[in-house]
Amino acid sequence: MIWTQEAEKAVAKVPFFVRSRVRREVEKEASEQDSSLVLLKHVQDCRKKHLSGNAIETKGFQIDTCFGSGGCENRTLESEALAAEVEKMLLSRNLADFLKERVGGPLKMHHEFRICIADCPNGCSRPQIVDIGIIGALRPRVLDNSCTGCAACSSSCIEGALRVQPGFDAPIIDGTKCIMCGKCISACPSGAIEEAQKGWRMMVGGKLGRHPQLGKDLGRIHSKSEVLAIIARCLDIYFANNAGGERLGSILNRIGYDLI
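Reference entry: report on the structure contained in this document. (Residues numbered from 1 in each chain as written. Predicted model: local features only at pLDDT ≥ 70, side-chain atom pairs only at ≥ 80, totals over all residues. Heavy atoms only, no water.)

Moving on, we come to the overall build of the protein chain. Scanning the protein chain for helices and strands turns up nine helices and nine strands. Along the longest, intermediate and shortest principal axes, the C-alpha atoms of the protein chain span 70 × 45 × 30 Å. By residue count, 42% of the 260 residues in the protein chain fall in the buried class. In the form shown here, the protein chain has an accessible surface area of approximately 13,700 Å², with 51% of it arising from carbon and sulfur atoms. For the protein chain, the distance from the average position of its 35 positive side-chain charges to the average position of its 31 negative side-chain charges is 5 Å. (Helix = DSSP H or I, 4+ residues; strand = E, 2+ residues; numbered from the N terminus. Buried < 20%, exposed > 50% of the residue type's maximum accessible area, 1.4 Å probe, protein only. Areas by Shrake-Rupley, 256 points an atom, 1.4 Å probe, with all protein chains shown as cover. Lys, Arg positive; Asp, Glu negative; His and termini not counted. Charge placed at Lys NZ, Arg CZ, Asp CG, Glu CD.)

This next bit is on unusual backbone geometry. What is expected of a backbone is that most residues other than glycine have negative phi and most peptide bonds are trans. Look at Ala 151: it is not a glycine, yet its phi comes out positive at around 70 degrees. Mapping Ala 151 onto the fold places it in the loop between strand 5 (132-142) and helix 6 (152-156). A positive phi is found at Met 180, a non-glycine position, where the angle reads about 60 degrees. With respect to the helices and strands, Met 180 occurs in the loop between strand 7 (172-173) and helix 7 (183-187). With relative accessibility at 13%, the residue Met 180 sits in the buried group.

An order of 3-4-5-8-9 is seen for the five strands of this open sheet, with the pairing classed as mixed. Whereas interior strands pair on both sides, the edge strands pair on one side only; in this sheet they are strand 3 (61-65) and strand 9 (216-217). Note: strand 3 against strand 4 (residues 113-118), five bridges, orientation parallel. Opposite Asp 64, over in strand 4, you have Cys 116 as the bridge partner. Sitting on the sheet, helix 4 (residues 80-92) is in contact with strand 3, strand 4, strand 5 and strand 8 (193-204), with an inclination near 175 degrees to strand 3. (Pairing = 2+ DSSP bridges. Contact = heavy atoms within 4.5 Å. Axes fitted to C-alpha atoms, helices over the stretch in contact; angles between N-to-C directions.)

Note on placement: Asp 64 falls in strand 3. Overall, the relative accessible area of 14% leaves Asp 64 in the buried class. Setting aside chain neighbours within four positions, we find Asp 64 in contact with Arg 114, Ile 115, Cys 116 and Ile 117. At 3.5 Å, the side chain of Asp 64 forms a polar contact with the side chain of Gln 62. (Polar contact = N/O pair within 3.5 Å; in protein donor to acceptor, adjacent residues only side chain to side chain.)

With that settled, consider the nonpolar core. Most often, soluble globular proteins keep nonpolar side chains buried together rather than apart. With 31 residues, the main nonpolar core has Leu 82, Phe 113, Ile 115, Ile 132, Ile 134, Ile 231 and Tyr 238 as its most contacted residues. Broken down by secondary-structure element, the contributors of at least two residues to this core are helix 4, helix 5 (95-103), strand 4, strand 5, strand 8, helix 8 (224-241) and helix 9 (248-255). With residues near it in sequence (within four places) discarded, Ile 132 still touches Phe 113, Arg 114, Ile 115, Cys 116, Met 202, Met 203, Val 204, Ile 231, Cys 234 and Leu 248. (Core = buried A, V, L, I, M, F, W, Y, C linked by side-chain atoms within 4.5 Å.)

The next point concerns helix 9. Residues of helix 9 that are buried: Leu 248, Gly 249, Ile 251 and Leu 252. The buried residues of helix 9 all sit within an arc of 160 degrees when viewed along its axis, so they share a single face. Looking one or two residues past helix 9, Gly 256 carries a phi angle of roughly 100 degrees, positive in sign. (Arc of directions from axis to C-beta.)

On the surface, Ile 2, Leu 37 and Leu 39 cluster together into a nonpolar patch covering about 260 Å² of accessible area. By secondary structure assignment, the location of Ile 2 is in strand 1 (residues 2-3). Since its relative accessible area comes to 60%, Ile 2 is described here as exposed. (Patch = residues over 30% accessible without salt bridge, like charges linked within 9 Å, V, L, I, M, F, W, Y side chains within 5 Å. Salt bridge = Lys/Arg side-chain N within 4 Å of Asp/Glu carboxyl O.)

Next up on the list: helix 4. Owing to its 3.6 residues per turn, the α-helix aligns residues three or four sequence positions apart on the same side. The end-to-end C-alpha separation of helix 4 is 19 Å, in line with the 18 Å expected for 13 residues at 1.5 Å each. The set of residues buried in helix 4 consists of Leu 82, Ala 83, Val 86, Met 89 and Leu 90. Seen along its axis, helix 4 keeps its buried residues to an arc of 125 degrees; they face one direction. Of the exposed residues in helix 4, those oriented more than 90 degrees away from the buried face are Lys 88 and Ser 92. (Expected span 1.5 Å × (residues − 1).)

We now examine the packing of aromatic side chains. Scanning all chains against the criterion turns up four aromatic pairs. Between Phe 98 and Tyr 238, the ring centres sit 5.9 Å apart and the planes meet at 50 degrees, which makes this aromatic pair tilted. Highlighted residues: Phe 98 in helix 5 and Tyr 238 in helix 8, separated in sequence by 140 residues. Tyr 238 shares its class with Phe 98; the two are buried. For the pair Tyr 238 and Phe 239, a centre-to-centre distance of 6.3 Å together with 70 degrees between the ring planes defines the contact as edge-to-face. Classification of Tyr 238 as buried rests on a relative accessible area of 0%. Following the ring pairs from residue to residue traces out a cluster consisting of Phe 98, Phe 113, Tyr 238 and Phe 239. (Phe/Tyr/Trp six-rings, centres within 6.5 Å; stacked < 30°, edge-to-face > 60°.)

Here it is as structure tokens:
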């Protein structure tokens with residue numbers, strides 16, 4: 001649909017983490033009013049519905065992904081298959097009915113269980129501030145006696161996690177600085193740095209609102225099957241301990257992260 005300048009300006013004021021969802025709701029409102037042009041009136045009508053407490057159409061969850069599939073040069077691995085399996089799992093849990101019961105009224109966007117998948121550590125989909133954040137990771141490993149000392153790896157690492165020292169046969173990786181983006185692997189012309197492990201980092205319990213917090217990093221690289229198992233475990237905890245539609249982070253702050 002085509003948006004007028006006034007409508008675009010109004011929706012730009014919506015918080016970034018729900019803006020794409022709001023845009024879809026506004027376009028739906030315009031369509032229901034038989035308009036192929038999105039007007040400021042459609043934005044205002046959606047806002048009135050939301051503030052009046054009218055329920056939104058929701059599956060009870062939201063999965064956000066980044067633009068890696070569009071050819072992002074930073075992409076470490078593909079997330080489409082993982083996203084499909086995550087959605088299948090969430091659909092099977094019937095989160096919408098569960099949340100309606102817990103909330104005791106109509107659902108709004110902030111009630112939805114949110115998962116973000118980022119294909120690289122840049123985290124454009126903001127996996128740090130949702131219930132479960134999933135981040136593509138590629139751990140590098142140095143091979144002995146293959147380094148030519150060109151320093152291409154250290155030049156490619158904006159974290160400063162690699163250094164090449166004269167007299168050493170291989171670059172040195174500082175594991176405390178490395179964010180596992182894999183840039184050094186693709187930059188190395190001699191193959192002295194290779195992929196040691198590829199998978200997903202996970203952060204749980206992130207949230208915005210009145211008491212915002214970043215998700216807690218679970219501290220290792222996980223396979224796809226492990227990611228799905230951790231999500232299932234988080235959902236079990238969420239269903240068993242949810243009071244009033246609270247976020248996963250609020251639950252974990254109360255009962256502890258050790259259960260995960």
